[in-house]
Amino acid sequence: MSEHGTAQEGAASSGRETHYAQRAAMVLRRAKMVCQSGEYLCLIRDVSEKGIGLGFLHDVPPEPRTLLQLANDLTFPIERMWTGQRQAGYRFASSISLDDFLTDNSPRKVRPIRLNIPGIVRLRDGRKRADGRLIDISCEGAKIATPAELRSGALMSFELDGLPPQLAQVRWSKKGRYGLKFQQPVETEEMALCAMHLQPFTAGRSGGFSKLLAKARAA
């Protein structure tokens, strides 16, 4: 065989190895599923141009047609094809670019998966206590709204139904909204179960779903 042929085969082999390494990097990467009842964490098990396998840390959401959103805000309408124990396979509404999906190719900065979940937050700073409204939450922190004045850099106890108390630091504030960073990241399973606790599948909350669906269709 010629050196040229050997070089071509070597390049092809290297390309395949890189491709499969990228696919392996996606396994168990966090994403979120947006349903009529709310937003839920899921884990990417495998992906192709036509469909995706997802794992859950609770029961599979019952809706057959939902939206999948990545950390970079890329959103995909998906349809369930099969279900198993805490896992399911979905078909994309249209074929995707696997390279873009695997490399999170987006002009937006990749951030932790944020769940837009309604809830009441209880904050404790020494003897002081304040209540706030949860805007969104990730395993790394939360955004809240509260009329209380929270001191920048302050450490406080963050309490939310369905989640163990967390020690959080105030990182920023703007017009009554505050960004909190947890001192220790919340475990993925704890966050997934908290989302289920606050958003049972029987509850209907279509606002976020409708907005994301319109965004996905326009993309």
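Just above sits the structure.
> Outline helix H3 (residues 188-198), listing residues and values.
Considered for burial, the residues of H3 that qualify are Met191, Ala192, Cys194 and Ala195. Buried positions in H3, seen along its axis, are confined to an arc of 160° and lie on one side of it. Residues of H3 that are buried sit in contact with strand S2 (38-47), strand S8 (128-137), strand S10 (155-160) and strand S11 (163-174).

> Break down the packing of aromatic side chains for me, with residues and values.
All chains considered together, the criterion is met by five aromatic pairs. When the ring of phenylalanine 76 is compared with that of phenylalanine 101, the centres are 5.3 Å apart and the planes differ by 45°; the resulting orientation is tilted. Residue phenylalanine 76 is found in strand S5 (residues 75-84), and its partner phenylalanine 101 is found in helix H2 (residues 98-102); the two are separated by 25 residues along the sequence. A single burial state applies to phenylalanine 76 and to phenylalanine 101, both of which are buried.

> I'd love a proper account of the nonpolar core, names of residues and values included.
The biggest cluster of nonpolar side chains holds 50 residues, and the ones touching the most others in it are Leu54, Phe101, Ile137 and Phe158. With five residues, S2 is the single largest residue contributor to this core. With residues near it in sequence (within four places) discarded, isoleucine 137 still touches Ile113, Arg114, Leu115, Ile117, Ala142, Phe158, Leu160, Leu163, Phe182 and Met191.

> Tell me about the sheet that holds strand S3 (residues 51-55), and name the residues and values.
Consider a sheet: its strands pair through backbone hydrogen bonds, and that pairing is either parallel or antiparallel. The strand order around the closed barrel formed by six strands is S1-S2-S3-S6-S5-S4, and the pairing between neighbours is antiparallel. Neighbouring strand axes in the sheet, compared pairwise and without regard to direction, differ in orientation by 45° on average.

> How would you summarise the sheet that holds strand S9 (residues 141-145) if you had to cite specific residues and measurements?
The strand order around the closed barrel formed by six strands is S7-S8-S9-S12-S11-S10, and the pairing between neighbours is antiparallel. When the angles between neighbouring strand axes are averaged without regard to direction, this sheet yields 45°. Relative to strand S12 (residues 177-182), S11 runs antiparallel, the two being bridged by six bridges. Opposite lysine 174, over in S12, you have arginine 177 as the bridge partner. On the sheet, H3 packs against S8, S10 and S11 and is oriented at approximately 90° with respect to S11.

> Can you tell me about the pattern of salt bridges, naming the residues and giving the values?
For side chains of opposite charge, pairing can occur when their charged atoms come near one another. Under the criterion given, the structure shown has ten salt bridges. The salt bridge involving arginine 30 is made with glutamate 140; its shortest N-O contact spans 3.5 Å. One end of the pair, arginine 30, is in strand S1 (residues 29-35); the other, glutamate 140, is in the loop between S8 and S9, and 110 residues separate them in sequence. The partly exposed category is assigned to arginine 30, whose relative accessible area is 27%. Arginine 65 is the salt-bridge partner of glutamate 79, the closest N and O atoms lying 3.3 Å from each other. With glutamate 79 in strand S5 and arginine 65 in strand S4 (residues 65-69), the pair connects residues that are 14 residues apart, well separated along the chain. Through salt bridges with shared partners, a single ionic network connects Arg122, Arg124, Glu159 and Asp161.

Parameters and conventions
- Residues numbered from 1 in each chain as written.
- Predicted model: local features only at pLDDT ≥ 70, side-chain atom pairs only at ≥ 80, totals over all residues.
- Heavy atoms only, no water.
- Buried < 20%, exposed > 50% of the residue type's maximum accessible area, 1.4 Å probe, protein only.
- Helix = DSSP H or I, 4+ residues; strand = E, 2+ residues; numbered from the N terminus.
- Arc of directions from axis to C-beta.
- Contact = heavy atoms within 4.5 Å.
- Phe/Tyr/Trp six-rings, centres within 6.5 Å; stacked < 30°, edge-to-face > 60°.
- Core = buried A, V, L, I, M, F, W, Y, C linked by side-chain atoms within 4.5 Å.
- Pairing = 2+ DSSP bridges.
- Axes fitted to C-alpha atoms, helices over the stretch in contact; angles between N-to-C directions.
- Salt bridge = Lys/Arg side-chain N within 4 Å of Asp/Glu carboxyl O.

That is the geometry; function is a separate question.
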